[in-house]
Each structure stands twice: as C-alpha cells, then as structure tokens.
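Given next are the chains, with one letter for each unit.
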Amino acid sequence: MPKAIAVLSKGKGFAAKLSGKLGIKKLPLKLDVFPDGELYVRFLGSVKGKTIYMVQSLSGAPNNALLELFLAARTAKELGAKKVFGILPYLGYMRQDKRFKAGECFSAKEVAWLLSNCLDRLYTFDAHLHRIKSLNKIFRIPAKNLSSAKPIAAYIKKKFSSKNTVIVGPDIESSQWAAKIAKSIGFESTILRKKRFHSRKVKVHVHKELEWKGKNVVIVDDIVSSGHTMAEAIKAVKKRGVKEVHCICIHAVFSEDALRKIRKAGAKSIASCNTIPHATNKIDVSGEMAEELR
Ligand code: R5P
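Since this is a predicted model, take the numbers as computed values, not measurements.

It is not clear to me how the site of the ligand should be interpreted in this structure. Could you clarify?
For the ligand, the set of nearby residues contains 15 residues, the closest of which are D221, D222, S225, S226 and T229. Contact distances for the ligand include 2.5 Å between an oxygen atom and a side-chain N or O atom of D222. At 2.8 Å, a backbone N or O of S225 approaches an oxygen atom of the ligand. For the ligand, the protein covers 94% of the area, taking 380 Å² as the surface of the free molecule. Where the shell around the ligand is concerned, the elements lending two or more residues are β10 (193-198), β12 (216-224) and α6 (228-238). Here the shell around the ligand takes 4 residues from β12, the largest share from any one element. Looking at the shell around the ligand residue by residue, the classes come out as 2 nonpolar, 7 polar and 6 charged.

I would appreciate a short explanation of the nonpolar core in the present structure.
Soluble globular proteins: nonpolar side chains tend toward being buried together. One finds L18, I156 and I181 to be the most contacted residues of the largest nonpolar core, which totals 39 residues. Two domains each provide a minimum of three residues to this core, namely domain 1 (3-147 + 286-293) and domain 2 (149-274). Leave out the neighbours within four places in its chain, and I156 touches I167, I181, I185, F187, V218, V220 and I248. Ranked by size, the runner-up nonpolar core spans 38 residues in total, among them L29, F43, I52 and V111.

In this structure, what is going on with the sheet that holds strand β7 (residues 143-146)? I would like to understand it.
Strands in a sheet are paired, the pairing made by backbone hydrogen bonds, and the direction either parallel or antiparallel. Strand order in the open sheet formed by 5 strands is β1-β4-β5-β6-β7, and the pairing between neighbours is parallel. Here the strands that pair on one side only, and so sit at the sheet edges, are β1 (3-7) and β7. Mean inter-strand twist for the sheet, computed between neighbouring axes without regard to direction, equals 20°. Both strand β5 (residues 83-88) and strand β6 (residues 121-125) contribute to a ladder of 4 bridges, which runs parallel. By the bridge assignment, G86 is partnered in β6 with L122. Of the strands in this sheet, β4 (51-55), β5, β6 and β7 are in contact with helix α8 (residues 286-293), which crosses β6 at around 150°.

Can you walk me through the pattern of salt bridges in this structure?
A pair can form between side chains of opposite charge whenever their charged atoms are brought close. In the structure shown here, the tally under the stated rule is 13 salt bridges. E110 is paired through a salt bridge with K109; the nearest N and O atoms lie 3.9 Å apart. E110 gets classed as partly exposed once you look at its relative accessible area, which sits at 37%. Of the charged contacts, one joins K261 and D257 as a salt bridge, the two residues approaching to 3.3 Å between their closest N and O atoms. For K261, a relative accessible area of 17% translates into the label buried.

Help me understand the sheet that holds strand β13 (residues 245-252), please; the structure alone is not making it clear to me.
Taken together, 6 strands build an open sheet; the order of strands is β9-β8-β12-β13-β14-β15 and the sheet is parallel. Both outer strands of the open sheet, β9 (188-191) and β15 (281-283), are each paired with one neighbouring strand and no more. Going across the sheet, the axis of each strand differs from the next one's by a mean of 35°, ignoring polarity. With 2 bridges connecting them, strand β14 (residues 267-273) and β15 associate as parallel partners. Residue pairing for β15: C273 is matched across the bridge by I283.

What should I look at first to understand the packing of aromatic side chains in this one?
Remark: the centre distance and the inter-plane angle together describe each pair of aromatic rings, the angle taken between the planes. Following the criterion strictly, the structure yields 4 aromatic pairs and no others. Both rings, one in F14 and one in F125, keep their centres 6.1 Å apart while their planes meet at 70°; by these two values the pair is edge-to-face. Linking F14 in helix α1 (residues 12-22) with F125 in strand β6, this pair joins segments that are 111 residues apart in sequence. Both residues of the pair, F14 and F125, count as buried.

How should I be thinking about a positive patch on the surface in this particular structure?
Positive charge collects at one region of the surface, where K158, K159, R263 and K282 lie side by side. The residue K158 is located in helix α4 (residues 149-159) in this model.

I keep staring at the side chain of H130 and nothing clicks. Help me out?
Among the secondary structure elements, H130 is positioned in the loop between β6 and β7. Among the polar contacts listed, one links the side chain of H130 to the side chain of H128, at a separation of 3.1 Å. Within the structure, H130 has its side chain in polar contact with the side chain of Q176 (distance 3.3 Å).

Sorry if this is basic, but what is going on with the environment of A265 here?
Structurally, the position occupied by A265 is in helix α7 (residues 258-265). Taking the relative accessible area as the measure of exposure, A265 reaches 13% and is therefore buried. Along the sequence, A265 and I234 sit 31 residues apart, while their C-alpha atoms lie 6.3 Å from each other. Discounting residues that sit within four places of it in the chain, A265 has contacts with A231, I234, K235 and K238.

Would you mind going over the packing of α1 against α8 with me for this structure?
Remark: α1 packs on α8, axes separated minimally by 9 Å, with the N-to-C direction vectors making an angle of 50°. Taken together, the axis directions place α1 and α8 in an arrangement best described as oblique. The element α1 and its partner α8 pack so that their crossing is right-handed. The residues of α8 that touch α1, namely those facing F14, K17, L18, K21 and L22, are S286, G287, M289, A290 and L293. Class assignment for the residues of the contact of α1 with α8 results in 6 nonpolar, 2 polar and 2 charged.

Each value, and the rule that gives it
- Residues numbered from 1 in each chain as written.
- Predicted model: local features only at pLDDT ≥ 70, side-chain atom pairs only at ≥ 80, totals over all residues.
- Heavy atoms only, no water.
- Near = heavy atom within 4 Å.
- Polar contact = N/O pair within 3.5 Å; in protein donor to acceptor, adjacent residues only side chain to side chain.
- Areas by Shrake-Rupley, 256 points an atom, 1.4 Å probe, with all protein chains shown as cover.
- Helix = DSSP H or I, 4+ residues; strand = E, 2+ residues; numbered from the N terminus.
- Nonpolar A, V, L, I, M, F, W, Y, C, P; charged D, E, K, R; others polar.
- Core = buried A, V, L, I, M, F, W, Y, C linked by side-chain atoms within 4.5 Å.
- Buried < 20%, exposed > 50% of the residue type's maximum accessible area, 1.4 Å probe, protein only.
- Domains from an automatic or database assignment.
- Contact = heavy atoms within 4.5 Å.
- Pairing = 2+ DSSP bridges.
- Axes fitted to C-alpha atoms, helices over the stretch in contact; angles between N-to-C directions.
- Salt bridge = Lys/Arg side-chain N within 4 Å of Asp/Glu carboxyl O.
- Phe/Tyr/Trp six-rings, centres within 6.5 Å; stacked < 30°, edge-to-face > 60°.
- Patch = residues over 30% accessible without salt bridge, like charges linked within 9 Å, V, L, I, M, F, W, Y side chains within 5 Å.
- Lys, Arg positive; Asp, Glu negative; His and termini not counted.
- Charge placed at Lys NZ, Arg CZ, Asp CG, Glu CD.
- Parallel < 35°, antiparallel > 145°, perpendicular 65-115°, else oblique.
- Left-handed = near helix turned anticlockwise from the far one by under 90°.

And the structure:
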C-alpha cells in the first residue's frame, strides 16, 4: 500500500528524520492561519488510496497543534486516504489524567476521544501514563506507547561513567525511566520524592541517602514543563556536595522560563529527546519510531 508522510507544524524535524529513515516521501501541504487566528489546511498532493503518517507533536501551542491535526486528519480521510496514522512524538494533555477536583475536565480522556475520531491508529513516546496504565484504556483506536529509554541509556553511557555517576529520578513516577535506564547500563540510581502544591510549586527531597560527595548526578524525567521539578531536584542533590548535575528529559515542553530556572539552579548541561522541537534536543528517538513502522 502506498505511504506518505504529512508534516504538520510541530512535526517538522522529527518527520524529516523519519522520512529519511523509512524512505517515504513527504506530502506537499499548506498550513496557514487566517487573520482571525483560525487554522487553514490544504493538501497540495494526492492522498487517495495512501496510508498517511501524520506527524505532529501536541506542544508549543498545544491547542492549535491538536486542532490542526484534527482538521488535517479528517480532510485526508475525506479526500480518500486509506488510513491516517497519527505519529505524535509528544502526546500532550495526558497529565490531567483524572478529575482531581470536583467539576474538572478529565482532559486526557476527552483528547483521546477526539483523536480516536480522526485517526485510525496512533503512535507516541512515553505518554504520561501514571493513573491511566495503558493508552488503550482511553483510546478507541490502536494506540502504541513507544519508549525512548534505549536512546537515553546510550546517550548516558557515552557521556558519563558508571564509576562516578548516579542517575536520579525526581519523583516516584520518574522511576519507570530513571531506574530502568540505570539498570540497563549498570549505573547506580535513586528516586527522590516530590510533593506538588500546584502547577508552579513543588518540593523535592532525597528519600534514600547515597555516597553523594564528588559524584556526578544525571537527573532523568519524562517532562520538563514549568521546570520546577527539575530545579528543585537539582537543589536537593547540590546540597549534598555532588560534583556536577546534568539534566535529561524526554519531552522538552519548557514553558515560561523553565530553561533559565534550571540553569540558575545549577544544571551543567540539559539534554532532551527530539519528541518536541527544542534547542536542548540532543537525543534522537526517530529510529525507534522507524523501527516500529517498518
Ligand atoms: C510529573 O509527574 C512529570 O513526570 C514531571 O515531573 C512534571 O510534569 C514536570 O513538571 P514541571 O516542570 O512543571 O515541574
């Protein structure tokens, strides 16, 4: 079956790598914004009879990214595409994964409903699955959650030594990345504890003391959003006389002044995966996606 890649506004870098790895051409597409802020989508090449890999990250301006994906996917189907597969390296809206307070929208579920109504299948990386254990609990289409653990582990192994480096997860949820990655490459690890007061205030403390002095620390988390979690984790380990603190995240949301905050807290380096286009992207995970789609 013929295949083509449709590149939406937040999918450019990732789609270019995917296209190269899979040898699948990109479809000409016009994306624009009307003067009043409404979105414009037009396919300039034929989608008829094709399987379309539609690449978009729900980041930056996530609401526009989501609507653009919805409009493009529905249009592709109307124009005769055989299947539309959503390649969403970052699946936004997954952190509101329950009704925390009475009357709140359970956004993860509603966004999953919307995507289930425009896509035939979805692929993403390291979705924020904490209270929801599997994407298939909220999606009505096949939805696959890929892992960036291997490329991150390879990056850490290349840059640091297990002899003097500890991998740290800033909260219990991060253990599924930090502890797993550490184990896969034989590094020591520990998981801190976090209390969140609201979206811009968290407290992080060391739960299990280690021989910290003179060690390098690599903090691994899935998302950096406001940057408070990372900054507080840096402060907690710095107090213990560690040598250097390096930060790695999968999804570089970096809202507001997150980057400045993390640097100010004392991060020696900051690296992210290329699931969201960002200046810190140093770990390419497109190979994992290409492998899955082959
Ligand atoms: C929370 O469970 C996530 O794993 C991240 O720790 C969190 O989303 C980071 O958010 P922020 O950068 O706003 O502290």
